[in-house]
Amino acid sequence: DETDDDCNGDIKVVTGKIEYLQELVIGGIWLMPIHPSPSYHGYDVTDYKAINEDYGTLDDFDELIEVAHDHNIDVIIDLVINHSARAHPWFTEGYNNFRNGLFTAGDNANKANWYNFYWDGGQVKYEAGFGDGMPDLNLENPLVRAEIQSIANFWLDRGVDGFRLDAVTYYYTNDPAKSVSFAGWFEGVVRAKNPNAYIVGEAWRDQGTINTFYAGIDSLFNFPGANSGGYIIDNITSKVGSTLAFQLAKTYREAQAINEDALVATFLTNHDMDRSAQMFIFDQELRQKLAASIYLLTPGVPFLYYGEEIGLKGTRGSAQTDANRRLPMQWQKNLDPWRTDVPDGTTYNMTNQIREGAFDLLEVPFSLTNHYKKVLSVRNSYEWMNYATIEQIVIPNNVIAGLKITSRDEANTIYVLHNVDNVEHEIELSRLKDDADGFTIAHDIFTSQIRATITKEVLTLGAYSSVVIEER
């Protein structure tokens with residue numbers, strides 16, 4: 001934080017880093033909760049139309065939107081509409097009304113009907129799937145929905161390009177169909193205001209449950225592919241590229257079968273997970289580079305958790321807090337950001353975790369940061385990639401993940417191959433397509449200085465490296 005020395009990071013600082021994001025070839029920013037909140041995480045909102053004073057003001061936010069758009073970078077914000085904070089004025093009024101009997105059923109304007117209150121053993125209780133501090137909103141109440149629409153329009157009018165929807169599977173407890181319907185309602189409300197708005201939902205569940213939500217919204221996070229046990233990192237660790245390719249193809253095929261406009265949001269880790277930099281025991285930086293190549297070269301809208309591109313570390317910690325996973329960004333060497341507010345009292349000094357900062361690493365030719373930049377540049381060279389399809393290419397050598405990626409109109413096709421092994425391997429090009437006139441390496445995404453080579457019959461691919469092949 002360069003403005004007030006508290007290391008929280010505020011909106012002005014984000015605005016000042018837009019050129020870095022543009023240099024990294026980032027196309028959009030997701031801001032986690034920016035609203036006033038009594039907690040460090042911000043997922044218990046007390047005012048949906050304001051900015052947390054730790055982060056700045058609405059004027060600061062407007063400036064961020066303007067600067068980001070000037071650099072062709074979209075901005076989406078977290079919107080937490082499953083629940084509010086217990087400290088929200090709506091809840092305070094509703095709780096008092098319910099406790100004192102100052103309401104009638106069906107009176108939608110009464111805040112007692114904005115939540116799900118009930119009596120239990122002489123005490124007022126309420127539905128709160130995320131704990132007493134985050135009471136669930138009554139999404140059946142049409143005035144609650146009207147308020148949610150007003151909140152969405154407020155931020156759309158300020159120029160936001162969409163929303164990340166928190167906890168979509170919890171909208172209606174034990175009623176997935178209603179939750180899907182509500183998510184679809186919200187997407188319709190937003191698209192009526194801005195047809196190009198992007199909405200992505202958090203459905204942290206198995207693939208089958210996630211798929212049901214594609215009937216409501218177009219984009220969902222690919223949780224089965226993420227985290228230490230997810231199929232991207234797991235198959236890199238176990239050196240099984242064939243399974244990786246199969247699972248990627250299956251994920252996209254199933255989503256697009258339900259919604260032809262499905263935009264799978266693949267990622268490695270997020271703010272609720274330990275960071276990916278520490279999930280590899282051997283060949284750590286090479287495997288981090290390979291993981292970046294794999295998930296960023298998938299269709300849909302891949303997400304990069306800040307700091308992943310510099311190898312930032314952070315675990316949940318002994319006190320079971322996610323704060324350690326959300327440590328400040330290391331912008332430059334010797335900046336020495338820290339925080340002492342973690343429950344176990346430990347000071348986390350990130351200069352002991354990584355060698356350099358983001359700006360320094362952009363100057364290092366083979367740094368992890370520059371690898372991210374390179375892969376993002378490759379991806380952005382295929383403008384049709386977002387809505388493409390994936391097919392697995394079956395290759396006898398199980399360490400190679402073979403993928404055929406085709407544009408929606410079938411006018412464009414590329415072949416993406418990843419070597420998850422620590423030695424080079426040869427691939428017979430006839431496995432890609434029998435009747436091809438010939439193939440050429442369009443992009444050689446090597447993790448060291450060993451380059452891929454190609455003949456008429458064979459591709460040689462280096463350890464932990466990837467390649468994009470096109471027909472001549």
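Residues numbered from 1 in each chain as written. Predicted model: local features only at pLDDT ≥ 70, side-chain atom pairs only at ≥ 80, totals over all residues. Heavy atoms only, no water.

### Some words on the packing of helix H10 (residues 284-296) against helix H12 (residues 368-380)
Moving on, step 1. It is the contact of H10 with H12, at a shortest axis distance of 10 Å, that shows an interaxial angle of 20°. Relative to H12, the element H10 lies roughly parallel. Between H10 and H12 the crossing geometry is right-handed. Across the interface between the two elements, Glu285, Gln288, Lys289, Ala292, Ser293, Tyr295 and Leu296 from H10 touch Leu368, His371, Tyr372, Val375, Leu376 and Arg379 from H12.
Moving on, step 2. For the contact of H10 with H12, the residue count by class is seven nonpolar, three polar and three charged. (Axes fitted to C-alpha atoms, helices over the stretch in contact; angles between N-to-C directions. Helix = DSSP H or I, 4+ residues; strand = E, 2+ residues; numbered from the N terminus. Parallel < 35°, antiparallel > 145°, perpendicular 65-115°, else oblique. Left-handed = near helix turned anticlockwise from the far one by under 90°. Contact = heavy atoms within 4.5 Å. Nonpolar A, V, L, I, M, F, W, Y, C, P; charged D, E, K, R; others polar.)

### So, the packing of aromatic side chains
Moving on, step 1. Going through the model one piece at a time under the given rule, you end up with 33 aromatic pairs.
Moving on, step 2. An angle of 70° between the planes, with centres 4.9 Å apart, marks the rings of Phe91 and Tyr126 as edge-to-face. Here Phe91, found in helix H4 (residues 89-99), pairs with Tyr126, found in strand S4 (residues 123-126); they are 35 residues apart in sequence, far enough to count as distant. Of the two residues, Phe91 and Tyr126, neither departs from the other in class, the shared state being buried.
Moving on, step 3. A centroid spacing of 4.8 Å and a plane angle of 75° characterise the contact between Tyr171 and Phe182, whose relative ring orientation is edge-to-face. Taken together, the residues Tyr171 in the loop between strand S5 (162-165) and helix H6 (176-193) and Phe182 in helix H6 connect sequence positions 11 residues apart.
Moving on, step 4. Since its relative accessible area comes to 4%, Tyr171 is described here as buried.
Moving on, step 5. Exposure remark for Phe182: the relative accessible area of 0% places this residue in the buried category.
Moving on, step 6. An aromatic cluster is present here, built from Phe91, Tyr95, Phe98, Phe103, Tyr115, Phe117, Trp119 and Tyr126 joined pairwise through their rings.
Moving on, step 7. Above the plane of the ring of Trp114 lies Lys111, whose end atom (NZ or CZ) is 4.5 Å from the centre. (Phe/Tyr/Trp six-rings, centres within 6.5 Å; stacked < 30°, edge-to-face > 60°. Buried < 20%, exposed > 50% of the residue type's maximum accessible area, 1.4 Å probe, protein only. Lys NZ or Arg CZ within 6 Å of the ring centre and 35° of its normal.)

### Regarding the side chain of Asp78
Moving on, step 1. Looking at the secondary structure, you find Asp78 in strand S2 (residues 74-79).
Moving on, step 2. A polar atom in the side chain of Asp78 sits 2.9 Å from the side chain of Arg164.
Moving on, step 3. For Asp78, the contacting residues outside a window of four places in its chain are Trp30, Leu31, Met32, Pro33, His35, Tyr43, Arg164 and Asp166. (Polar contact = N/O pair within 3.5 Å; in protein donor to acceptor, adjacent residues only side chain to side chain.)

### Examining the environment of Asn412
Moving on, step 1. With respect to the helices and strands, Asn412 occurs in the loop between strand S10 (400-406) and strand S11 (413-419).
Moving on, step 2. For the pair Asn412 and Glu428, spaced 16 residues apart in sequence, the C-alpha separation works out to 22 Å.
Moving on, step 3. Ignoring any residue separated from it by four or fewer positions in sequence, one finds Asn412 in contact with Trp384, Ile405, Thr406 and Ser407.

### Remarks on the sheet that holds strand S14 (residues 453-454)
Sheets are built from strands paired through backbone hydrogen bonds, the pairs being either parallel or antiparallel.
Moving on, step 1. If you walk across this open sheet you meet the three strands as S12-S15-S14, and the pairing is antiparallel. The open sheet terminates on both sides in strands that have one partner only, identified here as strand S12 (425-428) and S14.
Moving on, step 2. Bridge count for S12 against strand S15 (residues 458-461) is four bridges, and the pairing is antiparallel. In the strand pairing of S15, Glu426 is matched with Thr460. (Pairing = 2+ DSSP bridges.)

### Examining the sheet that holds strand S6 (residues 198-201)
Moving on, step 1. Taken in spatial order, the six strands line up as S1-S2-S5-S6-S7-S8 in an open sheet, and their pairing is parallel. At either margin of the open sheet sits one strand with a lone partner, and together these are strand S1 (28-31) and strand S8 (263-265). Here the average twist between neighbouring strands, direction ignored, is 25°.
Moving on, step 2. When S2 meets S5, the two strands line up parallel, connected through three bridges. Its bridge partner being in S5, Leu79 is matched across the sheet by Leu165.

### Quick word on the pairing of strand S16 (residues 466-471)
Moving on, step 1. In this structure, S11 lies alongside S16, joined through four bridges in antiparallel fashion. Bridged to Leu417 within S16 is Val467.

### Observations concerning helix H5 (residues 142-157)
Moving on, step 1. The end-to-end C-alpha distance of H5 is 22 Å, a good match for the 22 Å that 16 residues give at a rise of 1.5 Å each.
Moving on, step 2. Looking at the buried side of H5, the elements it contacts are helix H3 (58-70), S2, H4, S5 and H6.
Moving on, step 3. Once H5 ends, the next one or two residues include Gly159, with phi positive near 105°. (Expected span 1.5 Å × (residues − 1).)

### Remarks on the confidence of the model for the protein
Moving on, step 1. Looking at the protein as a whole, its pLDDT mean stands at 92, while 93% of the residues score no less than 70.
Moving on, step 2. Within the model, the stretch residues 340-353 combines pLDDT values under 50 with 32 contacts to residues more than four positions away or in other chains. (pLDDT = per-residue confidence, 0-100.)

### Focus on the nonpolar core
Moving on, step 1. Formed by 134 residues in total, the largest nonpolar core has its most connected members in Phe61, Phe163 and Phe186.
Moving on, step 2. Those residues in contact with Phe186 that sit more than four places away from it in its chain are Leu79, Ile81, Ile148, Ala152, Phe163, Leu165 and Ile199. (Core = buried A, V, L, I, M, F, W, Y, C linked by side-chain atoms within 4.5 Å.)

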